[in-house]
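Tertiary structure, described
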Amino acid sequence: MNEGLADRLFLLKYAIDDDSHLVLRDPTKCADCQRPCINRCPAEVYSWEEDKLQIAYENCLECGVCKIVCEKDNLEWRYPRGGFGVFYKFG
Ligand code: SF4
Ligand code: SF4
């Protein structure tokens, strides 16, 4: 992540839900994929560790890019529940 972006993300405020709002329909599909979600997500929410896709949903900016670029339409994308998620007024 470039330094300028990291500085800006630092200004955001999050209310973190216990449940992820980013859910894989079929986790096994991620193994046979170029995994564009990892490189395109501006907040580095996705990573590939221990042979599976890890999703740090707490850092999500709710931009929707991962849903658009997912090669296999494999993301059950929704906004966080009311009162949770990212708050931009400090950014
Ligand atoms: S919605 Fe945007 S910030 Fe959130 S995980 Fe997807 S690409 Fe990353
Ligand atoms: S692009 Fe979609 S199918 Fe591929 S790793 Fe990411 S979430 Fe999984």
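See the structure above.
Report follows, based on the coordinates. (Residues numbered from 1 in each chain as written. Chains lettered and ligands numbered in written order. Predicted model: local features only at pLDDT ≥ 70, side-chain atom pairs only at ≥ 80, totals over all residues. Heavy atoms only, no water.)

Structurally, His 21 can be placed in the loop between strand E1 (13–15) and strand E2 (22–24). With a relative accessible area of 4%, His 21 lands in the buried category. Discounting chain neighbours no more than four positions away, the residues touching His 21 are Tyr 57, Cys 60, Glu 76, Trp 77, Arg 78, Tyr 79 and Pro 80. (Helix = DSSP H or I, 4+ residues; strand = E, 2+ residues; numbered from the N terminus. Buried < 20%, exposed > 50% of the residue type's maximum accessible area, 1.4 Å probe, protein only. Contact = heavy atoms within 4.5 Å.)

Neighbouring ligand 1 are 13 residues, the closest being Cys 41, Cys 60, Leu 61, Cys 63 and Cys 66. For the shell around ligand 1, a count of residues per class yields eleven nonpolar, one polar and one charged. (Near = heavy atom within 4 Å. Nonpolar A, V, L, I, M, F, W, Y, C, P; charged D, E, K, R; others polar.)

This next bit is on the side chain of Glu 62. Checked against the element boundaries, Glu 62 lands in the loop between strand E4 (52–55) and helix H3 (65–69). Lacking a salt bridge, the buried Glu 62 has Arg 78 as its closest oppositely charged neighbour, with an N-O distance of 9.9 Å. A polar contact is formed between the side chain of Glu 62 and the backbone nitrogen of Val 86, at a distance of 3.0 Å. Dropping the residues within four chain positions of it, Glu 62 is found in contact with Trp 77, Tyr 79, Pro 80, Phe 84, Gly 85 and Val 86. (Lys, Arg positive; Asp, Glu negative; His and termini not counted. Salt bridge = Lys/Arg side-chain N within 4 Å of Asp/Glu carboxyl O. Polar contact = N/O pair within 3.5 Å; in protein donor to acceptor, adjacent residues only side chain to side chain.)

A word on the nonpolar core. Leu 22, Val 45, Tyr 46, Leu 53, Cys 66 and Leu 75 are the most contacted members of the largest nonpolar core, which totals 19 residues. Looking at this core, the elements that each hand over two or more residues are E2 and strand E5 (75–77). (Core = buried A, V, L, I, M, F, W, Y, C linked by side-chain atoms within 4.5 Å.)

Another point: the site of ligand 2. Around ligand 2 sit Leu 24, Cys 30, Cys 33, Arg 35, Pro 36, Cys 37, Leu 53, Cys 70, Glu 71 and Asn 74, and that is every residue in its neighbourhood. Taken together, the residues of the shell around ligand 2 sort by class into seven nonpolar, one polar and two charged.

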